[in-house]
Amino acid sequence: MGEPGEPAPHGREGRRGDRPAAAAARLVRTVAGIREVREAARERRETVALVPTMGYLHEGHFSLIDRAREGADLVILSIFVNPTQFGPGEDYERYPRDLDRDLALASGRGVDVVFAPDEEEMYPVPQTIWVDPGELADRLCGLGRPGHFRGVLTVVMKLFQTVEPDVAVFGRKDFQQSVLVRRMVEELRMPVRVEVAPTVRTDDGLALSSRNAYLDEAERAAATSLFRALRAVRRAFAAGEAEVGALLSRARRLMEEEGAEVEYVAIVDPDELTDLGRATEDAVCAVAARVGGTRLIDNATLGGPEEL
Ligand code: AMP
């Protein structure tokens, strides 16, 4: 369904402004197909927003879709579990996938087009040219996941080249990724505006993630310790503690008490991701920990209005 030349299920002409709330999203599985969608939008002088995801959609993704909807006429959601950003022994095979479910959810949220290429379509020849993320990938998650950000930036670059969006929306939950994507776009002068939307959490603070599906009940409770550690750091900072060592040991203790296996906890410069000696309002506290076998990440700015 939805391949080149076929009309969208509900027709799109003249829909700007009076778009029905739950029109079915059109599924496009090929590069040629999405290029046609893009070209048709250009002819209609519609702006295009891209929301790149690996699917198994949740409210975090929906918030990016809402942001995209605000800033563009046509919203394209990509779903691709990108093999080149997974290391050996990571959860590439196990990663949750359910395209039918995602299509129904995306339709309900006002996505116009779901671009869901398969691996052959995204990597028709073995990739030999890569985006090198440089030293920003030698910190935080990059230390435990060598090659991860090279895979991420390369696939994001390929998606941008394929879809040619005016705007692309990413989540703050993957903080290092958002910094790297912004830098790539800036330094390589890519003609796309990058927006970063806040982290969506459950009522008890857990950052939504497709990987939360791996957690059993006890692990899910322990997983909230990442959020509680960030909140404790923010509160201690607000109460006058600016010594990074003290803030970090408090956060680490809180997570370890819950049985989380801490991979890193760091307080870093928000642009360079370098460790800071003294905490500042705009510094970011970033954590990664394993709960059961599941690797989770979270982050928060130390000062400011973020609601933690
Ligand atoms: P993923 O499907 O996990 O690769 O995520 C796709 C996009 O959704 C990325 O830009 C993520 O940062 C963003 N995202 C994932 N979880 C959340 C969340 N809880 N809140 C906001 N954005 C999120």
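Nothing here was measured: the structure is a model prediction, and the numbers come from that model.

Draft legend 1. Just the pattern of salt bridges, in detail. Enumeration over the complete set of coordinates arrives at 20 salt bridges. Among the ionic pairs, Arg 67 bridges to Glu 195, the shortest N-O distance being 2.9 Å. On the criterion of sequence distance, the pair formed by Arg 67 in helix H2 (residues 59-71) and Glu 195 in strand E6 (residues 193-197) is long-range, its members being 128 residues apart. Look at Glu 195 and you get buried, because its relative accessible area is 17%. Two residues, Arg 183 and Glu 187, come together in a salt bridge whose shortest N-O distance is 3.0 Å. With Arg 183 and Glu 187 both in helix H7 (residues 175-187) and 4 residues apart, this pair spans about one turn of that helix. Taking the relative accessible area as the measure of exposure, Glu 187 reaches 54% and is therefore exposed.

Draft legend 2. Quick peek at the site of the ligand. Around the ligand, the structure places 17 residues, and the nearest of them are His 61, Gly 171, Asp 174, Val 200 and Leu 208. Here an oxygen atom of the ligand sits 2.9 Å away from a polar atom, N or O, in the main chain of Met 54. The backbone of Leu 208 places a nitrogen or oxygen atom 2.9 Å from a nitrogen atom of the ligand. Notes on the ligand: free accessible area 490 Å², of which the protein chains cover 94%. Mapped by element, the contributors of at least two residues to the shell around the ligand are strand E2 (48-53), H2 and strand E5 (167-171). Each residue belonging to the shell around the ligand can be placed in one class, and the counts come to 8 nonpolar, 7 polar and 2 charged.

Draft legend 3. Seen up close, the sheet that holds strand E9 (residues 294-301). Taken together, the 3 strands give an open sheet; going across it, the order is E7-E8-E9, and neighbouring strands pair in antiparallel fashion. Every interior strand has two partners, whereas the edge strands, strand E7 (261-268) and E9, have only one. On average, each strand axis in the sheet is inclined to that of its neighbour by 10°, with strand direction left out of account. Pairing between strand E8 (residues 284-291) and E9: 8 bridges, direction antiparallel. Within the sheet, the bridge partner assigned to Val 291 lies in E9 and is Thr 294.

Calculation notes
- Residues numbered from 1 in each chain as written.
- Predicted model: local features only at pLDDT ≥ 70, side-chain atom pairs only at ≥ 80, totals over all residues.
- Heavy atoms only, no water.
- Salt bridge = Lys/Arg side-chain N within 4 Å of Asp/Glu carboxyl O.
- Helix = DSSP H or I, 4+ residues; strand = E, 2+ residues; numbered from the N terminus.
- Buried < 20%, exposed > 50% of the residue type's maximum accessible area, 1.4 Å probe, protein only.
- Near = heavy atom within 4 Å.
- Polar contact = N/O pair within 3.5 Å; in protein donor to acceptor, adjacent residues only side chain to side chain.
- Areas by Shrake-Rupley, 256 points an atom, 1.4 Å probe, with all protein chains shown as cover.
- Nonpolar A, V, L, I, M, F, W, Y, C, P; charged D, E, K, R; others polar.
- Pairing = 2+ DSSP bridges.
- Axes fitted to C-alpha atoms, helices over the stretch in contact; angles between N-to-C directions.

The values reported here are purely geometric and, on their own, carry no functional implication.
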